[in-house]
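Residues per chain are reported as follows:
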Amino acid sequence: MSNSFPEENEEEDDQELQQPPSHHPSAPPHESFDISTTVDPSYVISLIRKLLPSDAKGGEHDIGSGLIHEELKTVGENEDTTKSIENGGEAEATESSENYGKLDVQEPKNNQNEGVSAGEQTWEECGCILWDLAASEEHAQFMVQNFILDVLLANLVVSQSTRTTEIGLGIIGNLACHESQRRQITSVNGLVAAIVEQLLLDDVPCLCEACRVLSLCLEGDEGVTWAEALQSDQILSRILWIVENALNPLLIERSVGLILAVLESQQKIAAILLPPLLTLGLSSLLIKLLAFEMSKLKGERVPERYCVLDLILRAIEALSTMDDYSEEICLNNELVQLVKELIKLPDKYEVASSCVTAVVLMANILTDATNLASDLSQDLNFLQGLFDVFPFASDDTEAQSALWSTIARLLTRVQESEMSPLNFEFLVSILASKLDLIEDELLARPLDHLEHKTANTPGTQTDARLIAMKRISNILTHWKSLDDSVKNTKSTEDYRINEEDVDKLLDHCCNASR
């Protein structure tokens, strides 16, 4: 977190604000403020003043409804606001940064103050402090009431410094983390358009912060205003260009996050932005990005990219649930292969969240591409991969439902009597090895038999579990009926099956499916 406070002797007025002379009498009790923070409200105001563009400090620069140097509240003008300031913040807020890097790679910025004037350095220091303070909702409210948004708009309009633009967007981003302040951001005349315009920059830190602000503001009640500002082909094409060409991990994360924010937004917002985005090739771009991330995952794993993989999958999964757009996703063979590869990964721990999302996506795909289940049922490694995802979905009801639905679809299409001895024993070994998992599942969520008798709609979690249990019972019953000579052929020696586990699992499944 930034701790770059201006020097105590930087300006005389700062000394007066921060360290009043000892001979000044204490304020009367009725003029004192009950402020439970070490940040003096007057200090926050002094920081905002230092962000004024140079032409505003002459006193004739109009910001908001009046002159900025006259409109900034002084301590005492709004006691109800100042006395409520407290430290704290929300998880979505970010800390002030130095530099995210170039357009493609992250590089440390050497001699970052070289060529920067003293005034610019002071602006950056004060801006970083406000960036950090904006993480607190109380501080954010106080800053907005003291015209921080008008000041930042003025800087976005006149600034020639990308660092100044980045800090300004960073402050707005932290303010936007608080739902109560998003309405204020949207209401400042010209600010929405100015923020959208920053997408045309070629500076990675600025683009990161612009995408973050837009993602947050699309969530609010004023999201339609932001969607209308983004809906031109020029801006939407620019967003997709950034998503496709960015190499900086944080910029990829933020730009894909913006796409996800559109997909998960209110229906009236999605109706504005989704049709043109899909016309511009959003679906194929997301699949292309997934293929790239999977190639990275199968090579040298880069932890910084795990979040990107999950965001891409969530975006595709969101598209797969939309009736008007799901077909292009669900019938894409390349996507199916990529999702299969992810679910079949032997080491899932580092990308557990992505695997859970992949299972939900596959369940959605199977709903539309029903013939695909027959092909998947022959891939026993895929079935094993599905069971391996269960521990990561223990708290996710939707993912558990998707898992059981997919497993039930596959097992229904398994023809155990027609399988080769080797494949059949592999199947039984998979099921027997999941005894503890299935046992825990039945104990945690017992099947409601009355519901089974009255339910007419398949596809719910309970229905899928019942179908799966019946099929496991049939498969294991067939295994028990085989002669030992068939079970112990040389070709099946690679798979060790504990017959006690088979008996226990068969007993559980029979009881559950009665």
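Once a new chain begins, its residue numbering starts again from 1 and follows that chain's sequence as written. Predicted model: local features are reported for residues with pLDDT of at least 70 only, side-chain atom pairs are reported and counted for 80 or more only, and whole-chain, interface and lining totals are derived from all residues. Side-chain calculation: all heavy atoms of the structure are included, whereas hydrogens and water are not.

1. Focus on the overall build of the protein chain
Thought 1: Working definition: helices are DSSP H or I runs of at least four residues, strands are E runs of at least two. Numbering for both runs from the N terminus. In terms of regular secondary structure, the protein chain is built from 29 helices and two strands.
Thought 2: Evaluated residue by residue, the protein chain yields a buried proportion of 52% over its 514 residues.
Thought 3: Any two residues whose heavy atoms approach within 4.5 Å at even a single point are treated as in contact. Of all intrachain contacts in the protein chain linking residues separated by at least 6 positions in sequence, the fraction that spans at least 24 positions is 77%.
Thought 4: Each accessible area is a Shrake-Rupley result for a 1.4 Å probe, and residues are judged covered by the shown protein chains and nothing else. Summing over all exposed atoms, the protein chain offers an accessible surface of approximately 24500 Å²; the carbon and sulfur share of this is 46%. Throughout this description, buried means an accessible area under 20% of the type-specific maximum (1.4 Å probe, protein chains only), exposed means over 50%, and partly exposed covers the range between.

2. Let's talk about helix H5 (residues 118-133)
Thought 1: A helix is expected to span 1.5 Å multiplied by its residue count minus one. Compared with an ideal rise of 1.5 Å per residue, which puts 16 residues at 22 Å, H5 spans 23 Å between its outermost C-alpha atoms and is within 8% of the ideal.
Thought 2: Of all the residues in H5, the buried ones are Thr122, Trp123, Glu124, Cys126, Gly127, Cys128, Ile129, Leu130, Trp131, Asp132 and Leu133.
Thought 3: Buried residues along H5 sit in contact with helix H2 (41-50), helix H6 (137-145), helix H7 (148-158), helix H8 (162-176) and helix H11 (204-217).

3. Topic: the packing of helix H17 (residues 306-320) against helix H20 (residues 352-368)
Between two packed helices, both the angle of their axes relative to each other and the distance between the axes serve to describe the pair.
Thought 1: The contact between H17 and H20 brings their axes to 9 Å, and the two run at 20 degrees. In this view, H17 runs roughly parallel relative to H20, as classed from their interaxial angle. Once H17 is placed against H20, the crossing between them reads as left-handed. In this structure, H17 uses Tyr306, Leu309, Asp310, Leu313, Arg314, Ile316, Glu317 and Ser320 to contact H20, whose residues at the interface are Ser353, Ser354, Thr357, Val360, Leu361 and Asn364. Comment: axis = line fitted to C-alpha atoms, over the contacting stretch for helices; angle = value between 0 and 180 degrees taken between N-to-C directions. Oblique is the label for any angle not covered by the other classes, which are roughly parallel (under 35 degrees), roughly antiparallel (over 145) and roughly perpendicular (65 to 115). Note on convention: near helix rotated counterclockwise from far helix by under a right angle means a left-handed crossing. Clockwise means right-handed.

4. Comments concerning the confidence of the model for the protein chain
Low-confidence regions, as indicated by low pLDDT, have predicted coordinates that should not be scrutinised in detail.
Thought 1: With 76% of its residues at a pLDDT of 70 or more, the protein chain has an overall mean of 80.
Thought 2: Confidence of the predictor at the level of single residues is captured by pLDDT, which takes values from 0 to 100. Low confidence marks residues 450-461, where pLDDT is under 50. Its contacts with residues over four positions away, or in another chain, come to 14 contacts.

5. A look at the pattern of salt bridges
Thought 1: Criterion for a salt bridge: a side-chain nitrogen of Lys or Arg within 4 Å of a carboxyl oxygen of Asp or Glu. Per the counting criterion, the structure on display carries 18 salt bridges.
Thought 2: A salt bridge links glutamate 499 to lysine 480; the shortest N-O distance between them is 3.6 Å. Of this pair, glutamate 499 sits in helix H29 (residues 499-513) while lysine 480 sits in helix H27 (residues 461-481), and the two are 19 residues apart along the sequence.
Thought 3: The class of lysine 480 is partly exposed, set by a relative accessible area of 35%.
Thought 4: Here the salt bridges do not stand alone but share partners, grouping Glu209, Arg212 and Arg254 into one network.

6. Quick word on the nonpolar core
Thought 1: We define the nonpolar core as a collection of buried residues of types Ala, Val, Leu, Ile, Met, Phe, Trp, Tyr and Cys that are connected through side-chain atoms lying within 4.5 Å of one another. In terms of nonpolar packing, the biggest core is built from 166 residues, with Leu130, Ile148, Ile171, Leu218 and Leu342 touching the most fellow members.
Thought 2: When sequence neighbours within four positions are dropped, the list of residues in contact with leucine 218 reads Gly223, Trp226, Ala227, Leu230, Leu258, Ala261, Val262, Ser265, Ile269 and Leu273.

7. Some words on the environment of valine 204
Thought 1: Counting through the fold element by element, valine 204 comes out in helix H11.
Thought 2: Counting along the chain gives 38 residues from valine 204 to isoleucine 242, while the straight-line C-alpha distance between them is 9.8 Å.

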